[in-house]
Amino acid sequence: MANAAVKFRKRPEGPAVASIAGAVKSYEAEETHEAQDEGFKPLTHEEAKKIRELNPPFSLWYVWAGQVGVGIVVATLAWSLTGQARMGWSAGYGALAVIIPAGLFARGLSRQKSALHGNAALAGFFVWEMVKIALTVAMLLAAPRLVEGLNWLALLAGFVVTMKVYWVAMWFGPARKNRSIKFLKN
């Protein structure tokens, strides 16, 4: 056999290799940092149970029921303050332009709970949101033909006040979260 000389290649150099090497080093640093992170304390079964009791799931149907109630109040107020039935019907139709699409949206999402794949649930959310928006626009465009003596200002008032129920629900959401944070600190 002949003496075979083994040739070693020179290590490749360049910006691409340097960036890959840097990424590998930062990944290794993060991995060791995560292993050393002692600030994380997993919850016990009892602690998790108490947090679930303090924060019951918030149903879309509660928000929808709040919208129905606010819509009725706005329509009644518009009618009683102006003394004109057309103002009450206009405000009521504005509220319905929020309530009906929101109910359809809540129904669609409640059927999505059984989706096994996260992407399917996310796609379902976007589909039902588009249906809700399209139905709202269609109802607003049909308003002049459906409500006799339509008053756009009353319709807008009913629409906006009923829509703001979402904000009220969000406003009360963080108060529930603060209770669970206080619980964890104790």
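Scroll up for the structure.
Here is what the cut-offs are and how they apply
- Residue numbers here run from 1 along each chain, matching the order of that chain's written sequence.
- Totals for whole chains, interfaces and linings use every residue, but because this is a predicted model, local features are given only for residues with pLDDT of at least 70 and side-chain atom pairs only at 80 or more, for both listing and counting.
- To get the side-chain values, all heavy atoms of the structure are used, and hydrogens and water are removed first.
- Here, a salt bridge means any side-chain nitrogen of Lys or Arg that lies within 4 Å of a carboxyl oxygen of Asp or Glu.
- A run of H or I in DSSP becomes a helix once it reaches four residues, and a run of E becomes a strand once it reaches two; helices and strands are each numbered from the N terminus.
- Each residue gets one of three labels from its accessible area relative to the maximum for its type: buried under 20%, exposed over 50%, partly exposed in between, using a 1.4 Å probe on protein chains only.
- Aromatic rings from Phe, Tyr and Trp, taking only the six-membered ring of Trp, are treated as a pair when their centres fall within 6.5 Å; an angle between ring planes under 30 degrees marks them as stacked, one over 60 as edge-to-face, and anything in between as tilted.
- Should any heavy atoms of two residues lie within 4.5 Å, those residues are counted as being in contact.
- Take the buried Ala, Val, Leu, Ile, Met, Phe, Trp, Tyr and Cys residues and link them wherever side-chain atoms come within 4.5 Å; each set so joined is a nonpolar core.

Trainee: Any chance you could explain the pattern of salt bridges here in plain terms?
Mentor: In a structure, side chains of opposite charge can pair up when their charged atoms sit close to one another. On inspection of all chains with the given rule, the structure shows one salt bridge. Where lysine 132 meets glutamate 129, a salt bridge forms, and the shortest distance between an N and an O atom there is 3.7 Å. Within this pair, lysine 132 and its partner glutamate 129 are both found in helix 5 (residues 118-146), separated by three residues, close to a single helical turn. A relative accessible area of 14% places lysine 132 in the buried class.

Trainee: What should I look at first to understand the packing of aromatic side chains in this one?
Mentor: Ring pairs (aromatic) are described by centroid distance and by the angle formed between their planes. Under the defined criterion, the tally for this structure stands at four aromatic pairs. Measuring from centroid to centroid gives 5.7 Å for tryptophan 61 and tryptophan 64, while their planes differ by 80°, and the two rings are edge-to-face. Residue tryptophan 61 and its partner tryptophan 64 are both found in helix 3 (residues 60-82); the two are separated by three residues, about one turn of the helix. Looking at tryptophan 61, the relative accessible area reads 37%, which means it is partly exposed. Among the aromatic residues, those joined into a cluster by ring pairs are Phe105, Phe125 and Phe126.

Trainee: What's the story with the side chain of threonine 162 in this structure? I'm lost.
Mentor: Following the sequence through the fold, threonine 162 ends up in helix 6 (residues 152-163). Excluding residues that lie within four positions of it along the chain, threonine 162 makes contacts with Gln67, Val70, Gly71, Ala95, Val98 and Ile99.

Trainee: Just checking my understanding: could you explain the nonpolar core for this structure?
Mentor: Where a protein is soluble and globular, its nonpolar side chains tend to be buried together. Grouped together as the largest cluster of nonpolar side chains are 10 residues: Tyr93, Ala97, Val98, Met139, Ala142, Ala143, Val147, Leu150, Leu155 and Phe159. At the level of elements, helix 4 (85-111), helix 5 and helix 6 are the ones that each hand at least two residues to this core. Not counting residues up to four positions away in its chain, the partners in contact with valine 98 are Gln67, Phe159, Thr162 and Met163. Of all hydrophobic cores here, the second largest spans five residues; its members include Val74, Ala78, Met87 and Ala154.

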